[in-house]
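Read off the chains here:
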Amino acid sequence: AVRSFDEIPGNWKSSVGNLYRFWKTDGFKNLHHIMVENFNTFGPIYREKVGYYESVNIILPEDGAILFKAEGRHPKRLKVEAWTAYRDYRNRKYGVLLKSGEDWRVNRVILNKEVISPKVLGNFVPLLDEVGQDFVARVFKNINNNSSGRWTADLSHELFRFALEAVSHVLYGERLGLLQDHINPDSQEFINSITLMFKSTVPMLYIPPNLLRRLGAKVWNDHVAAWDAIFNHADKCIQNIYRTLRHSPLLEERYPGVLTSLLLQDKLSIEEIKASVTELMAGGVDTTSITLLWTLYELAKNQELQEKLRDEVQTAWTATKGDMIQMIRSVPLINGTIKETLRLYPVAVSVQRYIANDIVIQNYNIPAGTLVQFGLYAMGRNGSIFPKPEKYNPYRWLRGENHYFKSLGFGFGPRQCLGRRIAETEMQIFLIHILRNFRIEKQRYVDVKSTFELILIPEKPILLTLRPL
Ligand code: HEM
Ligand code: 2DC
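Residues numbered from 1 in each chain as written. Chains lettered and ligands numbered in written order. Predicted model: local features only at pLDDT ≥ 70, side-chain atom pairs only at ≥ 80, totals over all residues. Heavy atoms only, no water.

*Asks:* Please set out the site of ligand 2 residue by residue, giving values where relevant.
*Replies:* Tyr53, Met197, Gly283, Ser350 and Gln352 are the nearest of the 16 residues found near ligand 2. Interatomic distance of 3.4 Å between a side-chain N/O atom of Tyr53 and an oxygen atom of ligand 2. When ligand 2 is considered free in solution it has 630 Å² of accessible area, and contact with the protein chains removes 90% of it. Of all the elements in the fold, those that place two or more residues in the shell around ligand 2 are helix H8 (185-201), helix H12 (270-283) and strand S4 (350-354). It is H12 that contributes the most residues to the shell around ligand 2, three residues altogether. When the residues that make up the shell around ligand 2 are grouped by side-chain class, the tally is ten nonpolar, four polar and two charged. (Near = heavy atom within 4 Å. Polar contact = N/O pair within 3.5 Å; in protein donor to acceptor, adjacent residues only side chain to side chain. Areas by Shrake-Rupley, 256 points an atom, 1.4 Å probe, with all protein chains shown as cover. Helix = DSSP H or I, 4+ residues; strand = E, 2+ residues; numbered from the N terminus. Nonpolar A, V, L, I, M, F, W, Y, C, P; charged D, E, K, R; others polar.)

*Asks:* So what's going on with empty space enclosed by the protein? Residues and values would help.
*Replies:* Scanning all chains against the criterion turns up one cavity of 30 Å³ or more. One number sums up the size of the largest cavity: a volume of about 40 Å³. In terms of lining, the largest cavity is formed by Leu31, Met35, Glu48, Tyr53, Asn57, Val349, Ser350 and Gln373. Looking at the lining of the largest cavity, the elements that each hand over two or more residues are helix H2 (31-42) and strand S2 (53-58). (1 Å grid on protein atoms, 1.4 Å probe; cavity = no way out; pocket = protein on both sides within 12 Å on 5 of 7 lines; lining within 4 Å. Points joined across faces, edges and corners; volume = space filled by probe spheres on them.)

*Asks:* Explain the sheet that holds strand S7 (residues 371-375) residue by residue, including any values.
*Replies:* With mixed pairing, the four strands of this open sheet are ordered in space as S1-S2-S7-S4. Every other strand in the sheet has two partners, leaving strand S1 (45-50) and S4 as the edge strands with one partner each. Strand-to-strand twist in this sheet, taken as the mean axis angle between neighbours without regard to direction, amounts to 30°. Two elements, S1 and S2, share six bridges in a ladder whose sense is antiparallel. Note that in S2 the partner of Ile45 across the bridge is Ile58. This element, H2, spans S1, S2, S4 and S7 of the sheet and lies at about 130° to S1. Most of the contacts of helix H3 (residues 61-69) go to S7, to which it runs at about 145°, and overall it touches S2, S4 and S7. (Pairing = 2+ DSSP bridges. Axes fitted to C-alpha atoms, helices over the stretch in contact; angles between N-to-C directions. Contact = heavy atoms within 4.5 Å.)

*Asks:* Explain the site of ligand 1 to me, using residue names and the numbers behind them.
*Replies:* In the vicinity of ligand 1 lie 28 residues, with Arg77, Arg108, Arg353, Arg415 and Cys417 positioned nearest. In the model, an oxygen atom of ligand 1 is placed 2.9 Å from a nitrogen or oxygen of the Arg77 side chain. Counting residues per element, the ones that place at least two in the shell around ligand 1 are helix H5 (101-115), H12, helix H13 (286-301), S4 and helix H18 (420-437). Top contributing element to the shell around ligand 1 by residue count: H13, with three residues. In the shell around ligand 1, the residues fall into 15 nonpolar, nine polar and four charged.

*Asks:* Explain the packing of helix H7 (residues 156-172) against H18 to me, and be specific about the residues and the numbers.
*Replies:* Contact geometry for H7 and H18: axes closest at 11 Å, N-to-C directions at 125°. As summarised for this structure, H7 and H18 are arranged oblique, according to the angle between their axes. The chirality of how H7 crosses H18 is right-handed. Touching Leu159, Phe162, Ala163, Ala166, Val167 and Val170 of H7 are Ile422, Glu426 and Phe430, all from H18. Considered class by class, the residues forming the contact of H7 with H18 number eight nonpolar, no polar and one charged. (Parallel < 35°, antiparallel > 145°, perpendicular 65-115°, else oblique. Left-handed = near helix turned anticlockwise from the far one by under 90°.)

*Asks:* Before we move on, can you summarise unusual backbone geometry with the specific residues and values?
*Replies:* At Asn91, a residue that is not glycine, the phi angle is positive and equals roughly 55°. Position of Asn91 among the secondary structure elements: in the loop between helix H4 (81-90) and H5. On the accessibility criterion, Asn91 (73% relative accessible area) is exposed. Positive phi, normally seen in glycine, also occurs at Asn363, with a value near 65°. (Buried < 20%, exposed > 50% of the residue type's maximum accessible area, 1.4 Å probe, protein only.)

*Asks:* I'd like a description of helix H14 (residues 303-320), backed by residues and values.
*Replies:* When the terminal C-alpha atoms of H14 are compared, their 25 Å separation across 18 residues agrees well with the 26 Å that a helix rising 1.5 Å per residue should span. The set of residues buried in H14 consists of Leu305, Gln306, Leu309, Arg310, Glu312, Val313, Ala316 and Thr320. Along the axis of H14, the buried positions cluster into a sector of 160°, meaning they face one direction only. Exposed and oriented more than 90 degrees from the buried face of H14 are Glu304, Thr315, Thr318 and Ala319. The inward-facing, buried residues of H14 abut H13, helix H15 (324-329), helix H16 (332-344), H18 and strand S8 (438-441). Downstream of H14 by one or two residues, Lys321 has phi in the positive range, about 55°. (Expected span 1.5 Å × (residues − 1). Arc of directions from axis to C-beta.)

*Asks:* Provide a residue-level description of the pattern of salt bridges, including the pertinent values.
*Replies:* Per the counting criterion, the structure on display carries 28 salt bridges. With its nearest N and O atoms 2.8 Å apart, the salt bridge here joins Arg47 to Glu54. For Lys99, the salt bridge is made with Glu272, and the minimal N-O distance between the two is 3.3 Å. One end of the pair, Lys99, is in the loop between H4 and H5; the other, Glu272, is in helix H12, and 173 residues separate them in sequence. Judged by its relative accessible area of 6%, Lys99 is buried. (Salt bridge = Lys/Arg side-chain N within 4 Å of Asp/Glu carboxyl O.)

*Asks:* So what about the pairing of strand S3 (residues 151-154)? Which residues, and what values?
*Replies:* Here S3 shows one buried face, formed by Trp151 and Ala153, and one open face, formed by Thr152 and Asp154. Pairing geometry for S3 and strand S11 (residues 463-468), over four bridges, is antiparallel. Within the sheet, the bridge partner assigned to Thr152 lies in S11 and is Thr465.

*Asks:* Give a description of the nonpolar core that names residues and reports values.
*Replies:* One finds Trp83, Phe124, Leu155, Tyr172, Ile366 and Phe430 to be the most contacted residues of the largest nonpolar core, which totals 156 residues. Here the element with the most residues in this core is helix H10 (residues 218-247); it accounts for eleven residues. (Core = buried A, V, L, I, M, F, W, Y, C linked by side-chain atoms within 4.5 Å.)

*Asks:* Now, about H13: what can you tell me, with residues and values included?
*Replies:* With 16 residues, H13 extends 22 Å between its outermost C-alpha atoms, agreeing within 8% with the 22 Å of an ideal straight helix rising 1.5 Å per residue. A large share of H13 lies buried, amounting to 14 of its 16 residues.

Structural data, given as structure tokens:
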């Protein structure tokens, strides 16, 4: 017989006790490790209540399949109250990230055509390629300023700039100039604010933001200041394009960028376009840059693998004569590398849905409306799902292996990551250029762990060396 919801194992009876234990064990920073521990203790399904949200957690690919079949026509993920509270507080519109119901769907369908449909690849590639080439030139410049003939740095800052430059070029069709020596201080503030915005979100996953606001808590004030800076900078960029468009209608043949395309289509209101473009700009920085940083770190640790990747890139380059669109289709191991990085270091520790129908998972009844979290980080490190999980091995994503519901780094279905196409293309092009030009090295062996600051990030700076081939 199917067992009842209340029989699901886990510590779901005492939410205050859980919050206290969370606090004591530094649970805020270790959410992903705590999830792994819980799966070890309770098995492939457990129920939990921490702070104000209650969820059922699952880890197996086949259970993920059941979950996503029940997501309904308007899939809803865990509501990040801090983000909606800020917008309500400042009277700003929700974009596609925070919208729900039919309003979400209408916006999402229109945005899909501009940013995620396979057709847009041809528009994005030249824009991203230009930024990739400029990054290479910037590295050479740094190497030449250095008598040692190589360049060693914490590349995260460089990668943040690269990522913001890349996503802005796609969104606005224009360059921000972040790969030059002197950059607009507003852009640097934008970058810093995104990191602060993510970090200050974490406590508010458990403590209601409106309570913290009334208490005048620092974390709320930090959060507001961070979003203010994000919105102000995005507003400036958007206004800039909007004004140009009104004064001089487009004559060029060139792809004008996502924002202009949306404005010309005239299917969404300007306020709606602004809200979603701001989210795309903010969502496009830490996500891809940190994934690239982890990838470079793994390649620095594994020179043999790095050579294999370089061979693939060089062979594809010769075969395609450097045509970037064809290149992207000819480098399966590069694509496996990105999947492998997201397996071990998923930006999002979980993908969640409030299910639309009753479902049965692991022989337990789960009623419609329940928040179900699929533990991405825990799945990626589980030995029965990925043999030798500690080994960084992009080959596991090739050939005839079974990948059914195992590659969920960008989420799933109609509510999956809207920036996925931009992110994947940007990261492919970046890795192609880097591997063609530099050897990636690391001083000595240090194992870098991840820490949860809403997204997973390295717990300490990673020093890497780039050396011309
Ligand atoms: C949503 C991951 C890069 C914009 C998401 C979700 C995940 C994710 C897991 C939730 C999906 C779901 O619930 O099924 C990633 C990863 C990235 C990345 C791993 C890079 C390595 C980006 C970029 C952008 C972006 C570059 C913007 C250009 C968004 C937006 C949503 C989203 C707007 C919300 C979509 C909606 O609610 O309809 N992302 N993301 N992401 N992401 Fe990304
Ligand atoms: C964080 O328990 C852990 O793509 C929580 O580009 C559940 C949760 C809910 C929503 C997730 C979030 C986690 C991680 C960061 C995600 C977010 C949805 C979108 C966001 C995955 C897993 C992200 C990084 C977006 C952010 C766009 C924003 C800056 C405008």
